[in-house]
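Working through the structure, step by step
Listed here are the chains, written in short residue letters.
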Amino acid sequence: MIMSDAPISAVDQLDLRAALAAGWAPAEVEWETQQESAAALLQAGRRDEAIVQWRQALAIARDSFHPGDPRLGTSLANLAYGLRTTNESDAAVPLFEEAKRCWDASWHWVNQVQIAPRARNSLYHLRMELRHRDQYEANARKRLEAFSAEAREAVTHLASGGPRPPRTYQRWRSEKPPRFNDSRKLLAACLLLVAATEEEETS
């Protein structure tokens, strides 16, 4: 398990052994843990502690992820948001710009996501999925592309101070895939983007 300083009730502890067995690098596990921890801390009103987590997550992303990896874009945007809320706008602006460039370049990474079969309890559903594999993959990729498009738009709004989706973290909590696969990496990048409230913006 990877531990976190965020409120325990708000953060799922990852099964490190399962993640590594699925082919994840330790840095990928740690990145997800840091981002989820930061989201939980911000939700609990512990903004300064969340910023510490965002800094650590960005350091991991810069060291471990390619420039077009959407997880790097999310790291940049989240830290930029944190700096802006602490009146460090001069430092936030270049991070926001880099975040937008990263998300604009992420289409290639998204197109390479491997679509894994979903775990099914029903033998009938499993057979139907195998029989219509091409359609299943097309639908799954379309869904991931929609998430990615929403995230790119959210980063643009975040950088401009405009309105943003208010429930990305809650969507992550409810839609996080149980399996450690490429889809989970992309959804983490999309749904662990900070979603500031009006109160957070003005605090």
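These remarks concern the structure in this document. (Residues numbered from 1 in each chain as written. Predicted model: local features only at pLDDT ≥ 70, side-chain atom pairs only at ≥ 80, totals over all residues. Heavy atoms only, no water.)

Next up on the list: the packing of helix 2 (residues 26-43) against helix 4 (residues 70-85). Between helix 2 and helix 4, whose axes approach to 12 Å, the crossing angle comes to 30°. As judged from the angle between their axes, helix 2 and helix 4 are roughly parallel. Here the hand of the crossing between helix 2 and helix 4 comes out left-handed. Here Glu28, Trp31, Gln35 and Leu42 of helix 2 lie close against helix 4, whose contacting residues are Arg71, Thr74, Ser75, Asn78 and Tyr81. (Axes fitted to C-alpha atoms, helices over the stretch in contact; angles between N-to-C directions. Helix = DSSP H or I, 4+ residues; strand = E, 2+ residues; numbered from the N terminus. Parallel < 35°, antiparallel > 145°, perpendicular 65-115°, else oblique. Left-handed = near helix turned anticlockwise from the far one by under 90°. Contact = heavy atoms within 4.5 Å.)

Look at Asn87: it is not a glycine, yet its phi comes out positive at around 60°. Within the element layout of this structure, Asn87 appears in the loop between helix 4 and helix 5 (89-104).

Applying the stated rule across the entire model yields 14 salt bridges. Between Glu98 and Arg62 there is a salt bridge whose closest N-O contact spans 2.9 Å. Of this pair, Glu98 sits in helix 5 while Arg62 sits in helix 3 (residues 47-64), and the two are 36 residues apart along the sequence. Relative accessible area serves as the criterion here: at 24%, Glu98 is assigned to the partly exposed category. Classification of Arg62 by relative accessible area gives partly exposed; the value is 42%. What you see here is one network of salt bridges that share partners, running through Glu28, Asp69, Arg71, Asp182 and Lys185. (Salt bridge = Lys/Arg side-chain N within 4 Å of Asp/Glu carboxyl O. Buried < 20%, exposed > 50% of the residue type's maximum accessible area, 1.4 Å probe, protein only.)

Position of Gln53 relative to the elements: it lies in helix 3. For Gln53, a relative accessible area of 9% gives the class buried. When residues no more than four places from it in sequence are discounted, the contact partners of Gln53 are Gln34, Ser37, Ala38 and Leu41.

All right, on to the packing of aromatic side chains then. In the structure shown here, the tally under the stated rule is 3 aromatic pairs. Geometrically, the ring pair formed by Trp24 and Phe180 is edge-to-face, given 5.1 Å between the ring centres and 85° between the ring planes. On the criterion of sequence distance, the pair formed by Trp24 in the loop between helix 1 (16-21) and helix 2 and Phe180 in the loop between helix 9 (168-175) and helix 10 (182-191) is long-range, its members being 156 residues apart. Between the aromatic rings of Trp31 and Phe65, the centroid separation amounts to 6.2 Å while the plane-to-plane angle is 70°, which identifies the pairing as edge-to-face. On the criterion of sequence distance, the pair formed by Trp31 in helix 2 and Phe65 in the loop between helix 3 and helix 4 is long-range, its members being 34 residues apart. Judged by its relative accessible area of 1%, Trp31 is buried. Classification of Phe65 as buried rests on a relative accessible area of 9%. Here Arg71 stacks its cationic end above the ring of Phe65, 4.0 Å away from the centre of that ring. (Phe/Tyr/Trp six-rings, centres within 6.5 Å; stacked < 30°, edge-to-face > 60°. Lys NZ or Arg CZ within 6 Å of the ring centre and 35° of its normal.)

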